[in-house]
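Single-letter residue listing:
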Amino acid sequence: MSPTLEVARALDAADPLRGFKARFALPPGVIYLDGNSLGPMPLAAREKLAAVADREWGEGLIRSWNDADWIGAPERVGGKIARLIGAAPGEVVVADSTSVNLFKLLVSALRARPERRVILTETGNFPTDLYVAGGAAGVMSDASVRAVDPADVEDAIDGDTAVVMLTHVHYKSAARRDMARLTAAAHAAGALTLWDLSHSAGAVKVCLNDCDADLAVGCGYKFLNGGPGAPAFLYVADRLQAALASPLTGWMGHAAPFDFVDAYRPAAGVRRFLCGTPPILGLATLEAGVDLALEVAPADLAAKSAKLWDFFNNLMEVRLAGHGFSLATPADPAVRGSHISYVHPMGYAIMQALIARGVIGDFREPDVMRFGLTPLYIGFEDVWGAIDVLAQTMSAQTWRESPPRQPGRVT
Ligand SMILES: *Cc1c(COP(=O)(O)O)cnc(C)c1O
C-alpha cells in the first residue's frame, strides 16, 4: 500500500489510541517527534501541578507529607511504573536521576559479588551510563569497567563479571537488546544484570520478571511524559532486595527515618534505595504521565509504535530516495525500539531546518537524526506531514541556510 495522505488519515481513523493526543498540550503548528528525549505535557499534569502547589503545598503545608501522602509517593508511583515494565509493585521506586540510580545499583552489585571485579558494558552506550560506571568502579578501589563492542557482549561475560550493564533500547540506533537471552547468559556465568530502560518504559514491551532481570533503571521525562527533570525510577528484583544495600545511605532509605536515631538501618524493601527527600512536584507530574500510559495495555502501545515506524520508513523510501539518508535503526520490529534514526552527513543542518518549520526531532553526534515515534500522541498524518516537510527541505535545499552548531547548546 503506497503511503499517501489518504492512507495516513485512514490509519488514524482506525487507531484505537487516537483519542489520547487531545490529552496533551501540543502547540499548534508543531509535529513533535522528540518525545523520546522530553515528553510533552499531559493536560492532567498541569492540573495536578496546580493542585499540588495550591492545595497541598500552599494550604496543607507540612501536613501534606501525611495528608496528601507525599511520603508514600516514591513507592506509589514506582508501583504504577512497575505495571508498565513487567515488574511487581514492591520492586520499583521513583528516586533521583537515572545517573544517580545507576551509581547506587552498580556499587551495590559490585559489593554483592565481591569475588568479581568487572562492570561489563558496551562501547557507544549512553554516555552517562559509561561515566557513572567509571565512577562506581572508582569508589570500589579494585573494580573496573570493561566496554566491548556491542556484538561481543555475550561472549565477554566471564567469571570476573560482577554485573552486565546494558541499555535495553539504544539511544542512537534504537536497537533493542534481547533481555531474556542476555540475562540468562549473565546468570549462567554467575553475574548480575542492570538494564537501562530509558528508551523502553512506555514505548516497547518490557518484561523484567519474565526475563528474570536483576536490576534496572530508567527515565521519567521521556516516554513517561513526567516533565523536565522529573525523577527517574529503579527496579530491584524482589529476590535480591534483602542482599543489596545502597551506598548512598540517606535518611529516606532508613527503616525508620522519623526515629532520628544515629545508626543507619536500611528499610526492608526497595525503599532502601531512596536517599534524600523526594521531589514532590516532579513526582506529581510524573504520576500524571504514568496514569495516562496505564490507560493503554503495554502491548497496544508497542503495536502502535511499530506501525508508526513502518509508515515512517515506507514514506522515507518513497519520498526521500536519493537524498543521502541511510536507515540507522534495525528494520526488524523484534529488535528495535520506538524511535527511528537516519544517518546523513548534513544531519545537523537538516534537523535545524525541520525544527524551524515545526517538525521537532533531534540530532546526535556525529551524523544521526532521530525521530521519536511515540504511540500516545503521534498519528499517521503527523508522520506524513513530517516527511512532507523533510521532502520540501531537501528539494529546496533550505537546510543550507541553517545556522552552524553552537557549542554548549542542547541538540
Ligand atoms: C536519557 C538517558 C539517561 C538520562 O540520565 P539522567 O540522569 O536522567 O540525565 C540515562 N541513560 C539513558 C540510556 C538515557 O537515554
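Notes on the structure follow. For every chain, the first residue of the written sequence is number 1, and numbering continues from 1 onward in sequence order. Only residues with pLDDT of at least 70 get local features here, since the model is predicted, and only at 80 or more are side-chain atom pairs given and counted; chain-wide, interface and lining totals rely on the full set of residues. Values shown for side chains rest on all heavy atoms present in the structure; no hydrogens or waters enter the calculation.

Our focus in this paragraph is the pairing of strand 4 (residues 92-95). Across a regular strand the side chains alternate sides, sitting on one face of the sheet and then on the other. Here strand 4 shows two buried faces, one formed by Val 92 and Val 94 and the other by Val 93 and Ala 95. By the convention used here, strands pair only if DSSP detects at least 2 bridges between them. Segments assigned H or I by DSSP are reported as helices when at least four residues long, segments assigned E as strands when at least two residues long, and all are numbered from the N terminus. Here four bridges tie strand 4 to strand 10 (residues 232-236), and the two strands are oriented antiparallel to one another. Bridge pairing links Val 93 to Leu 234 in strand 10. Burial classification: accessible surface area is computed with a 1.4 Å probe over protein chains only, and a residue below 20% of its type maximum counts as buried, one above 50% as exposed, and the rest as partly exposed.

Bringing the packing of aromatic side chains into the picture now. Paired rings are identified among Phe, Tyr and Trp, the last through its six-membered ring, by centres lying within 6.5 Å, and are further divided according to the angle between planes into stacked (under 30 degrees), edge-to-face (over 60) and tilted (the rest). Under the definition given, this model contains eleven aromatic pairs. When the ring of Phe 126 is compared with that of Tyr 171, the centres are 4.9 Å apart and the planes differ by 85°; the resulting orientation is edge-to-face. Of the two residues, Phe 126 is situated in the loop between strand 5 (118-122) and helix 6 (127-139) and Tyr 171 in the loop between strand 7 (161-167) and helix 8 (179-188); the sequence distance between them amounts to 45 residues. For Phe 126, a relative accessible area of 30% corresponds to the partly exposed category. On the basis of relative accessibility, which here comes to 10%, the residue Tyr 171 falls in the buried class. Geometrically, the ring pair formed by Tyr 348 and Phe 363 is edge-to-face, given 5.4 Å between the ring centres and 75° between the ring planes. One end of the pair, Tyr 348, is in helix 11 (residues 347-356); the other, Phe 363, is in strand 14 (residues 362-364), with 15 residues separating them in the sequence. In this structure an aromatic cluster arises from ring pairing among Phe 312, Phe 325, Tyr 342 and Phe 371.

The strand order across the open sheet formed by seven strands is 4-10-9-8-7-5-6, and the pairing between neighbours is mixed. The two strands at the open ends of the sheet, each matched to only one other strand, are strand 4 and strand 6 (144-148). Across the sheet, the axes of successive neighbouring strands diverge by a mean angle of 20°, strand direction being ignored. Interaxial angles span 0 to 180 degrees and are taken between N-to-C directions of axes, which are lines fitted to C-alpha atoms, for helices over the stretch in contact.

Here we take up a nonpolar patch on the surface. Patch membership requires over 30% relative accessible area and the absence of a salt bridge. Like charges are linked within 9 Å, and nonpolar side chains (Val, Leu, Ile, Met, Phe, Trp, Tyr) within 5 Å. Accessible areas in this description were obtained via Shrake-Rupley with a 1.4 Å probe; residue shielding takes into account the shown protein chains only. Whenever Lys or Arg places a side-chain nitrogen within 4 Å of a carboxyl oxygen from Asp or Glu, that contact is recorded as a salt bridge. A surface patch of nonpolar side chains, amounting to about 530 Å² of accessible area, comprises Leu 49, Trp 57, Leu 61, Ile 62 and Leu 281. By the element assignment, Ile 62 lies in the loop between helix 2 (43-59) and helix 3 (64-67). Taking the relative accessible area as the measure of exposure, Ile 62 reaches 70% and is therefore exposed.

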